[in-house]
Amino acid sequence: MTAQLDAVIHPTHRLRICAMLDAGTTVEMAVIKDVVGLSASALSKQVAALVDAGYVAQERARQDSRRIWLTLTPQGKTAYQSHIRALQEIVAGSAQP
């Protein structure tokens, strides 16, 4: 196995957040909240861990500071893609006889 699991990304909610951000360029936090199904405070904690790791950038809307937009940073994109490769290697390895 060459790719490594990332302990910051690995928790399910953070993995889902990264997947959504990888699929889109910028996603509003309210949309992520609805899809992931977390309360606002629980989502904030998950996002804070990703921001602290340098994986996600957040920006408040200028017109309405309650709206927060999230983006996967280049470092976050690299970490997420490496994490996915590690998961794929685990799955491929378990399929071997």
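Since we're looking at a predicted model, the values are computed, not measured.

The rules behind each value
Residues numbered from 1 in each chain as written. Predicted model: local features only at pLDDT ≥ 70, side-chain atom pairs only at ≥ 80, totals over all residues. Heavy atoms only, no water. Helix = DSSP H or I, 4+ residues; strand = E, 2+ residues; numbered from the N terminus. Buried < 20%, exposed > 50% of the residue type's maximum accessible area, 1.4 Å probe, protein only. Contact = heavy atoms within 4.5 Å. Lys, Arg positive; Asp, Glu negative; His and termini not counted. Charge placed at Lys NZ, Arg CZ, Asp CG, Glu CD. Pairing = 2+ DSSP bridges. Axes fitted to C-alpha atoms, helices over the stretch in contact; angles between N-to-C directions. Arc of directions from axis to C-beta. Parallel < 35°, antiparallel > 145°, perpendicular 65-115°, else oblique. Nonpolar A, V, L, I, M, F, W, Y, C, P; charged D, E, K, R; others polar.

Chemist: Would you mind showing me how to read the overall build of the chain here?
Modeler: The helix and strand inventory of the chain stands at four helices and three strands. Each helix and strand of the chain, placed in order from N terminus to C terminus, yields the pattern α-β-α-α-β-β-α. Evaluated residue by residue, the chain yields a buried proportion of 32% over its 97 residues. Put simply, 54% of the contacts in the chain that link residues at least 6 apart link residues at least 24 apart. Of the charged side chains in the chain, 10 are positive and 8 negative, and the gap between their average positions amounts to 4 Å.

Chemist: Just checking my understanding: could you explain the sheet that holds strand β1 (residues 27-28) for this structure?
Modeler: Strand pairs in the sheet, formed through backbone hydrogen bonds, run parallel or antiparallel to each other. Spatial strand order, β1-β3-β2: three strands in an open sheet with antiparallel pairing. Sheet topology places β1 and β2 (56-60) at the edges, where each strand pairs with a single neighbour. With five bridges joining them, β2 and strand β3 (residues 68-72) adopt antiparallel strand pairing. Opposite R60, over in β3, you have I68 as the bridge partner. Those strands touched by helix α1 (residues 12-23) are β1, β2 and β3, and its axis lies near 85° from that of β3.

Chemist: Where do I start with the environment of A61 in this structure?
Modeler: Along the polypeptide, A61 turns up in the loop between β2 and β3. When the C-alpha atoms of A61 and E28 are compared, they prove to be 9.7 Å apart, with 33 residues separating the residues in sequence.

Chemist: Just checking my understanding: could you explain helix α2 (residues 29-36) for this structure?
Modeler: Residues of α2 that are buried: M29, I32 and V36. Taken down its axis, α2 places every buried residue within 60° of arc, on the same side. Turning to α2, the residues buried within the fold contact α1, β1, α3 (40-52) and β3. Positive backbone phi, at 80°, marks G37, one or two positions downstream of α2.

Chemist: Please clarify how the packing of α2 against α3 should be interpreted in this entry.
Modeler: For any two helices packed against each other, one specifies the inter-axial angle together with the distance between the axes. Following both chains from N to C, one finds α2 and α3 inclined at 110°, their axes separated by 10 Å at the closest point. Viewed along their axes, α2 and α3 adopt a mutual orientation that is roughly perpendicular. The residues of α3 that touch α2, namely those facing M29, I32 and K33, are A40, L43, S44 and V47. For the contact of α2 with α3, the class distribution of residues is five nonpolar, one polar and one charged.

Purely geometric numbers; function is a separate question.
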